[in-house]
Amino acid sequence: MFGAHFCSIKGFRYCIAVSLILFLFLSVGISPPVSASSGDDHVLIVGADEYFPPYEYVDYNGRPAGFNIDIMNAVAEEMSLNISIRPGPWQEVKSDVESGKIDLMSGMFYSEKRDVYVNFSKPYILVSHAIYVREDSDIRGGLKT
């Protein structure tokens, strides 16, 4: 989408954020609204999990915070988008995106079931989970490394 020159000038994090939101708008099939500074009052409602640190959470001051929130805010600023981030309990936010009460979510793991009602962007981070135990533990797993 953007050449290496663009990314090196603006920084890696900036490049990822801009690429992500552009891909999101293209994959969802909507075009970004005209910037709020040009007179358009349209606000994109962004749902977020209120407790999924370090990606999304409500900080001690009651404000949305976290990695996904930082990306959404950076992209909104770069594209002059008017957004409102509304954190809530995961099931509530998920239900709101399914019913169309909110425009998008700041983070959701892909599944075929979810793919029926949401358009996913390409992932901007890959997360894997593992359990580590001491060698002398009675707990055994199926993988040897």
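These numbers come from a predicted model, not from an experiment.

Scoring rules and cut-offs
Residues numbered from 1 in each chain as written. Predicted model: local features only at pLDDT ≥ 70, side-chain atom pairs only at ≥ 80, totals over all residues. Heavy atoms only, no water. Patch = residues over 30% accessible without salt bridge, like charges linked within 9 Å, V, L, I, M, F, W, Y side chains within 5 Å. Areas by Shrake-Rupley, 256 points an atom, 1.4 Å probe, with all protein chains shown as cover. Salt bridge = Lys/Arg side-chain N within 4 Å of Asp/Glu carboxyl O. Helix = DSSP H or I, 4+ residues; strand = E, 2+ residues; numbered from the N terminus. Buried < 20%, exposed > 50% of the residue type's maximum accessible area, 1.4 Å probe, protein only. pLDDT = per-residue confidence, 0-100. Contact = heavy atoms within 4.5 Å. Arc of directions from axis to C-beta. Pairing = 2+ DSSP bridges. Phe/Tyr/Trp six-rings, centres within 6.5 Å; stacked < 30°, edge-to-face > 60°.

(A) A nonpolar patch on the surface, seen in detail. A cluster of nonpolar side chains, Phe 52, Phe 67, Phe 109, Ile 125 and Val 127, forms an exposed patch at the surface whose accessible area comes to about 390 Å². By the element assignment, Phe 67 lies in helix 3 (residues 67-78). Residue Phe 67 is classed as partly exposed on the basis of its relative accessible area of 31%.

(B) Seen up close, the confidence of the model for the protein chain. Looking at the protein chain, pLDDT values average 78 and 70% of them are 70 or higher. Between the elements of the protein chain, mean pLDDT differs from a low of 41, seen in helix 1 (residues 4-10), to a high of 98, seen in strand 4 (residues 64-65). Under a pLDDT of 50 for its full length, residues 1-10 has, in the predicted model, 10 contacts with residues more than four places off or in other chains. The model gives residues 25-39 a pLDDT under 50, and that stretch makes 21 contacts with residues more than four places away or in other chains.

(C) Up close: unusual backbone geometry. With an omega of 5 degrees, the peptide bond between Pro 53 and Pro 54 qualifies as cis. Within the fold, Pro 54 resides in the loop between strand 2 (51-52) and strand 3 (56-58).

(D) Structural context of helix 4 (residues 90-99). Inspection of helix 4 places Val 93, Lys 94, Asp 96 and Val 97 among the buried residues, and these make up the whole buried set. What you see down the axis of helix 4 is that its buried residues fit within an arc of 160 degrees, all on one side. Check the buried side of helix 4 and you find it contacts strand 1 (44-49), strand 5 (83-88), strand 6 (104-105) and helix 5 (112-115). Gly 100 occupies a position one or two residues after helix 4 and carries a positive phi of about 85 degrees.

(E) Expanded view of the sheet that holds strand 3. Reading across the sheet, the three strands line up as 2-3-4 and stay open at both edges, with antiparallel pairing between neighbours. Each edge of the sheet is formed by a strand with only one pairing partner; in this case those strands are strand 2 and strand 4. In this structure, strand 3 lies alongside strand 4, joined through two bridges in antiparallel fashion. Bridging across to strand 4, Tyr 57 finds its partner in Ala 65.

(F) Inspection of the packing of aromatic side chains at higher detail. The tally for this structure, following the rule as stated, stands at four aromatic pairs. For the pair Phe 52 and Tyr 55, a centre-to-centre distance of 5.6 Å together with 25 degrees between the ring planes defines the contact as stacked. With relative accessibility at 34%, the residue Phe 52 sits in the partly exposed group. Since its relative accessible area comes to 18%, Tyr 55 is described here as buried. Seen in terms of ring centroids, Tyr 55 and Phe 67 are 6.4 Å apart; in terms of plane orientation they differ by 80 degrees. Their pairing is edge-to-face. Pair noted here: Tyr 55 is in the loop between strand 2 and strand 3 and Phe 67 is in helix 3, with a separation of 12 residues, a long-range link. An aromatic cluster is present here, built from Phe 52, Tyr 55, Phe 67 and Tyr 124 joined pairwise through their rings.

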